[in-house]
Amino acid sequence: MSIALEIKGLTASVGTVEILKGVDLDVPFGEVHALMGPNGSGKSTLCHVLTGKSDYEVGGSARLDGTELLGKEVDERAALGLMQAFQYPVEIPGVRLEEFMREVGVARGEDPGAFGEQIAAQAERFGVTDFLRRSINDDLSGGEKKRSEMFQMGVLSPKVAVLDEIDSGLDIDAVRQVAEAVEQLRSPDVGILVITHYSRILGHMAVDKVHVMMQGRIVDSGGAELADELEDGGYDAVRSRLGIEAPKKEAAAPSVRDTLTDLPF
Ligand code: ADP
Ligand code: MG
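For clarity, every value in this text was computed on a predicted model and none was experimentally measured.

(A) Structural view of the overall build of the protein chain. Of the regular secondary structure elements, the protein chain holds eight helices and twelve strands. Its C-alpha atoms give the protein chain a radius of gyration of 18 Å, near enough to 18 Å, the size a compact globule of 265 residues would have. Structurally, the protein chain occupies a C-alpha span of about 55 × 40 × 40 Å along its principal axes. A total of 265 residues make up the protein chain; the buried ones form 38% of that total. Partitioning the contacts of the protein chain with sequence separation of at least 6, the portion at a separation of at least 24 is 70%.

Right, dumping it as structure tokens:
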């Protein structure tokens, strides 16, 4: 089975602070993997480092379908087939979603007619047809924004899709809908990494593997039973099984700075 995303010994620091301390993670084509971990464990940093945000000093390797991503520009990585759904999707008032997608098609040299049909078909599939004529993410609920992002992935068919905190701030029904949208994205041509803080969304999806990140490392990987353990005993259960000391104080909840770092500019 070929590997969509192959991460080896990935490190990331800001100044003297080491955030990722050697991450190893493989997501094969056709699979959906979940990355879980307490606040501040480095999940979003992993996304930022993969997409090419420039704040970090990075080391190790991250390959997409065999091609090294590290050192490449953000747009080169996107052109190779890496796509990230943001924890906080940006609102772009005045730019209609359909218009935006058509422009992306033009930039990619797609046939406008066929691409337009693809947009309509995927919008139907992800239940976002009504949003096509509206400004991007403007006045959409949290769950609708996530569906809109997954629709964009459906149209653009990335090789690797990374979805950061796809369930935060969503109500129960929206969580289920977003989980279903992830399942619709699943195909033999994409490896999907779903990042989540809570295991509840995994109850609605058939994830192939669950990875747990703590303090900048993947400390455990397993099947859905790992998510069940987290559901029952929280991160403390995993810590005590693995003999990992709990941090002195829990990392603070995501700050405004975290929100800002999720913006793509
Ligand atoms: P998670 O997404 O798992 O909650 P993050 O990747 O957002 O965790 O953060 C991991 C740690 O790295 C946190 O302690 C956070 O404050 C820190 N961090 C993230 N980005 C930066 C940055 N640009 N500068 C300094 N510290 C950062
Ligand atoms: Mg995060």
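(B) Structural context of the environment of valine 95. Tracing the sequence through the fold places valine 95 in strand S7 (residues 92-96). Valine 95 sits 41 residues away from isoleucine 136 along the chain, and the two C-alpha atoms are 6.1 Å apart. Contact partners of valine 95, with chain neighbours within four places excluded, come to Phe100, Ser135 and Ile136.

(C) Looking closely at the site of ligand 1. Neighbouring residues of ligand 1: 14 residues in total, closest Val14, Gly40, Lys43, Ser44 and Thr45. Split by residue class, the shell around ligand 1 holds four nonpolar, seven polar and three charged.

(D) Spotlight on the sheet that holds strand S9 (residues 160-163). A sheet is described by the order of its strands in space; here six strands give the open sequence S6-S9-S10-S3-S11-S12, paired in mixed fashion. One side of each edge strand has no neighbouring strand; the edge strands of this open sheet are strand S6 (82-85) and strand S12 (217-222). The mean angle between the axes of side-by-side strands here comes to 20 degrees, regardless of whether they run parallel or antiparallel. Where strand S3 (residues 32-36) lies against strand S11 (residues 209-214), four bridges are found, and the strand directions are parallel. The partner of histidine 33 across the bridge, within S11, is lysine 209.

(E) Inspection of the packing of helix H3 (residues 97-107) against helix H4 (residues 112-126) at higher detail. Contact pair H3 / H4: the axes reach a minimum separation of 10 Å and the direction vectors enclose 135 degrees. Compared by their axis directions, H3 and H4 come out oblique. You can see that H3 and H4 cross each other, and the crossing is right-handed. Contacts from Glu98, Met101, Arg102 and Gly105 of H3 reach H4 at Pro112, Phe115, Gly116 and Ile119. When the residues that make up the contact of H3 with H4 are grouped by side-chain class, the tally is four nonpolar, two polar and two charged.

(F) Geometry of the sheet that holds strand S2 (residues 17-28). In space, the four strands of this open sheet follow the order S2-S1-S4-S5, with antiparallel pairing throughout. In the strand order of this sheet, the two ends are held by S2 and strand S5 (67-68), each with one partner. Summarising the sheet, strand S4 (residues 57-64) and S5 pair through two bridges and their orientation is antiparallel. Bridge assignment links leucine 64 to a residue of S5, and that residue is threonine 67. Its contacts with the sheet place helix H1 (residues 43-51) against strand S1 (3-14), S2 and S4, and it is angled at close to 75 degrees to S2.

(G) Structural context of the nonpolar core. Among the nonpolar cores identified, the biggest contains 67 residues, and Val160, Val182 and Val194 are the most heavily contacted of them. It is helix H6 (residues 172-185) that provides the largest number of residues to this core, a total of six residues. Among residues more than four places away in sequence, those in contact with valine 194 are Val32, Ala34, Leu163, Ile166 and Val182.

Quick notes on the rules
- Residues numbered from 1 in each chain as written.
- Chains lettered and ligands numbered in written order.
- Predicted model: local features only at pLDDT ≥ 70, side-chain atom pairs only at ≥ 80, totals over all residues.
- Helix = DSSP H or I, 4+ residues; strand = E, 2+ residues; numbered from the N terminus.
- Rg over C-alpha atoms; globule rule 2.2 N^0.38 Å.
- Buried ≥ 20, exposed ≤ 12 C-beta atoms within 10 Å, placed from the backbone.
- Contact = placed C-beta atoms within 7 Å.
- Near = placed C-beta within 6 Å.
- Nonpolar A, V, L, I, M, F, W, Y, C, P; charged D, E, K, R; others polar.
- Pairing = 2+ DSSP bridges.
- Axes fitted to C-alpha atoms, helices over the stretch in contact; angles between N-to-C directions.
- Parallel < 35°, antiparallel > 145°, perpendicular 65-115°, else oblique.
- Left-handed = near helix turned anticlockwise from the far one by under 90°.
- Core = buried A, V, L, I, M, F, W, Y, C linked by C-beta atoms within 7 Å.

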